[in-house]
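Breakdown of the fold
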Amino acid sequence: MAPQPLSDIKVLDFMWAIAGPGSTRMLADYGATVVRVESAHRFDATRTVGPFVNGRPGAENSGLFFNMNVGKRMLTLDLSKEKARSVVLDLVRWADVVTESFSPKAMRAWGFDYESLRKIKPSIIMLSTCLMGQTGPMAQYAGFGNLAAAIAGFTNIAGWSDRPPAGPFGAYTDYIAPWFNAAAILAALEYRDRIGLGQHIDLSQAEASLHFLGSALLDAEINGKVQQRTGNRDINYAPHGVYPTAGVDRWIAIAVTNDDQWNNLCSVMGRSDLIAAPHFSTPTARLTHQDQLDELLSMWTKEKDPFRLEQELQARGVPATAVRSMGEMYNDPQLQHRGHFVQLTHPKYETTTVEGSRFRLSRTPANITGSAATIGKDNQYVLETLLGYSEERITELVAAGVLE
Amino acid sequence: MLSPYRVLDLTTERGLLCGQILGDLGADVIKIEPPGGSPARRLAPFYHDEPHPDRSLYWWANNRNKRGITLNLDHADGRAIIHRLAKTAHFVIESDNPGALARRQCGYADLATINPALVYVSITPFGQDGPRASYADSDLVILAAGGPLVLTGDEDRAPVRVSVPQAYLHASGQAAVAALIAHHERQRSGRGQHVDVSAQQAVAQATQSSLLAGPLGERDFQRLAGGVKMGPVKVRLVWPAKDGYVSIGFLFGSAMGHFTKRLMQWVHEEGCCDEATRDKDWVAFGSIFLGDPATIKEYERLVGIVERFSASKTKAELLQEALKRALLIAPVQTTKEVLASEQLAAREYWQSLEHPELGQTIRYPGPFAKFSAAPLRYRYRPPTVGEHNREVYVDELGFSEQQVEEMQHVGVI
């Protein structure tokens, strides 16, 4: 079997919460050795966020934390202790990449800023990511992705035009930033391998995420049009909505993106008379009459079984899906088929479940095994095996309270 | 950083951002469109609201740093050209339905025979295989199938999406990462592979792991206007301000409690709560997620206090104080407010690109990161239809002007 794609990559990871750990998780899935530094005194915030094992909050129970950190080497370090400094610097010498997501002054205060680290290892690649970037009047602004989602403009445009913003779920930009963080690290590695130069990457979560609003920002810039909350409506397609079905809080999403799909929807509805109706026959006509279309579809779907309806519509090539609840996602046949869920061992619960790799590489697939990312689980491995510390030195560090 | 590498971007209207990310990182990306132009060029919004293949802002937002050529893969001569290009390319990105390009001899197996080192990236709604692999899709359908939709919206209405399509942007971002992982491996092994990206699985990331609720034995997370319902607890994130809305993290427990302590200090200073409320143990209040009815009732009282407080201040007042006191408060901004951001201006975020065909310069969202040694550069504005045909077919592939004209005439390009 071929070695894992990133088996030669070593990452010293100070990132926390979701956006950062979600980025290095992908590198770990494909073989990178990621040493994740955590404080035993002040846990990563995601350890206090669910979903929790058996619904019980607890630092070693967060499914979110396990999901973001599976496959990493978990090291506890008290960075306020002087002796922790030499451990960090040894890890910097060991690493190809150092990542951090503190507010910009933190690494400088510890003497772990890029200028200091490159003196120790000139080829080091360092990624610093925070909400607003390392410079500017808001550089020190700290928080989570729900705040960057508000600032970047996502929150304002999720919801109904006649109601306050509902906002995208949770810390939305935390789910965008990982793609850019990981791509940035991999590109910098490629550059270092070819040119021999390391570098510092300053990635603002808000700035990267604005690429997910590109067309709306250009529309505002060029046409002066401010994107509004439009429920589930689309500027290009109609009908386009989430319609009620039989059952409590049950819905089906239907989106017609061309005339063929419209024709087929009409015949599934048993309303072939609508195909040629002039007020619906072209995309522009359908957009103009979408109130009427939404009413028509809601009337038709509301007594029907959403899952059966999904099959009937999909059989005719109409984009549609029953809306599944979070609890039902685990049994989603497509996700199951793709191996989306993976079992890990857990010292307390025997097993726990995380998501697998979201994509597949045909020749060198992801390897997601091992145990959940419990606090300090790899202290011994990191110090002894990766850094070659003697048992005596490790005992000394333990006694000095450095590994906390 | 990726300047030695060539990307053939065959994506349809879905998956365009992947090539743009690689292009921003320096790769030579050739966007290959059917004669007449990509279907993505028909998507609104448009420059000055004029539907025109070279004026789609959806196209502009996702095709910078690419050169553009037209090529007909349904024509045997067109396929011969793509096979020739594939010989020296490093990446192919495509987003057709599974098997569609294989039927035109441009699938992974076909191109890997020509160039075994090729990294071939397929971006599809549900992945290359499985019971829904051939499902018809759209942004809305993917967001519903991947989970984020059901978590978003007012509880008394249908779940909602973000009003600007998101699903294929997530899939594209992920595809760029996956392509670069396969590339790193190729640098050692000399061999390429097939990268299979499922948009459904990509957007599942935006559920914040809530889709693990089932196997973990956790309560279902449910949508709530401006927040989320976890069992009986209604966690609120969007709050009223005097002149709009703000996002406030009114949260508790060991990691968040100290933010709330500072917030309630301010709320008290402004006379909006009593001392007992200010001095609550906000770390211990994290036990709210255990679902005790008395704690939940108390939480609802506190929500009322914070709501009355936030509604009495403007977005700017709340942000200013958030910066001073390190609070979890952010203004809910419109796209227009984003364009006027002082922070983005101070960082010289926006990048101007010249559109000679319009005699105008347009301001685009800037590089997604600042690299100290190899800064990202915006080299090309999004190409007009077939803009680089001559450059690629004549200058690089060695066709004569006459041959190019002939190919155009018979519909090869």
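The preceding data block contains the structure.
Heads up: these notes are all about the structure in this document. Keep in mind the model is a prediction, meaning the values are calculated, not measured. (Residues numbered from 1 in each chain as written. Chains lettered and ligands numbered in written order. Predicted model: local features only at pLDDT ≥ 70, side-chain atom pairs only at ≥ 80, totals over all residues.)

**Observations regarding the overall build of chain A**
When its secondary structure is counted, chain A shows 16 helices and 12 strands. Dimensions of chain A, computed from the C-alpha atoms along their principal axes, are close to 85 × 50 × 40 Å. Out of the 404 residues in chain A, the part that is buried amounts to 57%. Nonlocal contacts in chain A, meaning residues at least 24 apart in sequence, comprise 68% of its contacts between residues at least 6 apart. (Helix = DSSP H or I, 4+ residues; strand = E, 2+ residues; numbered from the N terminus. Buried ≥ 20, exposed ≤ 12 C-beta atoms within 10 Å, placed from the backbone. Contact = placed C-beta atoms within 7 Å.)

**Re the packing of helix H1 (residues 16-24) of chain B against helix H6 (residues 167-189) of chain B**
Residue and element names in this part refer to chain B. Orientation of H1 relative to H6, taken along the N-to-C sense of each, is 45°, at an axis distance of 7 Å. Classified by the angle between their axes, H1 and H6 sit oblique to one another. Taken as a pair, H1 and H6 cross one another with a handedness that is right-handed. In this structure, H1 uses Leu-16, Leu-17, Cys-18, Ile-21 and Leu-22 to contact H6, whose residues at the interface are Leu-169, Ser-172, Gly-173, Ala-175, Ala-176 and Ala-179. Class assignment for the residues of the contact of H1 with H6 results in nine nonpolar, two polar and no charged. (Axes fitted to C-alpha atoms, helices over the stretch in contact; angles between N-to-C directions. Parallel < 35°, antiparallel > 145°, perpendicular 65-115°, else oblique. Left-handed = near helix turned anticlockwise from the far one by under 90°. Nonpolar A, V, L, I, M, F, W, Y, C, P; charged D, E, K, R; others polar.)

**Concerning the nonpolar core**
Core analysis: the biggest nonpolar cluster contains 257 residues, and A:Ala253 and B:Val121 have the highest contact counts within it. Once you skip the residues sitting within four places of it in the chain, B:Val121 turns out to touch B:Cys18, B:Phe91, B:Val92, B:Ile93, B:Ala175, B:Ala178, B:Ala179, B:Val195 and B:Val197. (Core = buried A, V, L, I, M, F, W, Y, C linked by C-beta atoms within 7 Å.)

**Here's the deal with the sheet that holds strand S3 (residues 66-70) of chain B**
Pairing in this open sheet of seven strands is mixed, and the strands run S12(A)-S6(B)-S5(B)-S4(B)-S1(B)-S2(B)-S3(B) from one edge to the other. Looking at strand neighbours, the two that pair on one side only are strand S12 (359-361) of chain A together with S3 of chain B, the edges of this open sheet. Taken pair by pair, the neighbouring strands of this sheet meet at an average axis angle of 20°, ignoring direction. One ladder, built from four bridges, connects strand S1 (residues 6-9) of chain B with strand S2 (residues 28-33) of chain B; its direction is parallel. The partner of B:Arg6 across the bridge, within S2(B), is B:Asp28. With respect to the sheet, H6(B) is in contact with S12 of chain A together with strand S4 (91-94), strand S5 (119-124) and strand S6 (193-198) of chain B, its orientation differing from that of S5(B) by roughly 160°. (Pairing = 2+ DSSP bridges.)

**Quick look at the interface of chain A and chain B**
Contacts between the two partners involve 134 residues from chain A and, on the opposite side, 131 residues from chain B. Considering each element in turn, the side of chain A that touches chain B owes the most residues, 12 residues, to helix H7 (residues 177-195) of chain A. When the residues that make up the side of chain A that touches chain B are grouped by side-chain class, the tally is 76 nonpolar, 43 polar and 15 charged. Pairing geometry for S12(A) and S6(B), over three bridges, is antiparallel. By the bridge assignment, A:Phe359 is partnered in S6(B) with B:Val197.

**Observations regarding the sheet that holds strand S11 (residues 244-248) of chain B**
Strand order across the open sheet formed by three strands is S10-S11-S12 (chain B), with antiparallel pairing between neighbours. Two strands bound the open sheet, and with one partner strand each, they are strand S10 (238-241) and strand S12 (329-331) of chain B. Taking the axes of each pair of neighbouring strands and ignoring which way they run, one obtains an average angle of 35° across the sheet. One ladder, built from four bridges, connects S10(B) with S11(B); its direction is antiparallel. Directly across from B:Val238, in S11(B), lies its bridge partner B:Ser247. Strands in contact with helix H6 (residues 145-152) of chain A are S11 and S12 of chain B; relative to S12(B), the strand with the most contacts, it is inclined by about 15°. Each of S10 and S11 of chain B is contacted by helix H11 (residues 293-311) of chain B, which is oriented at about 45° to S10(B), the strand it contacts most.

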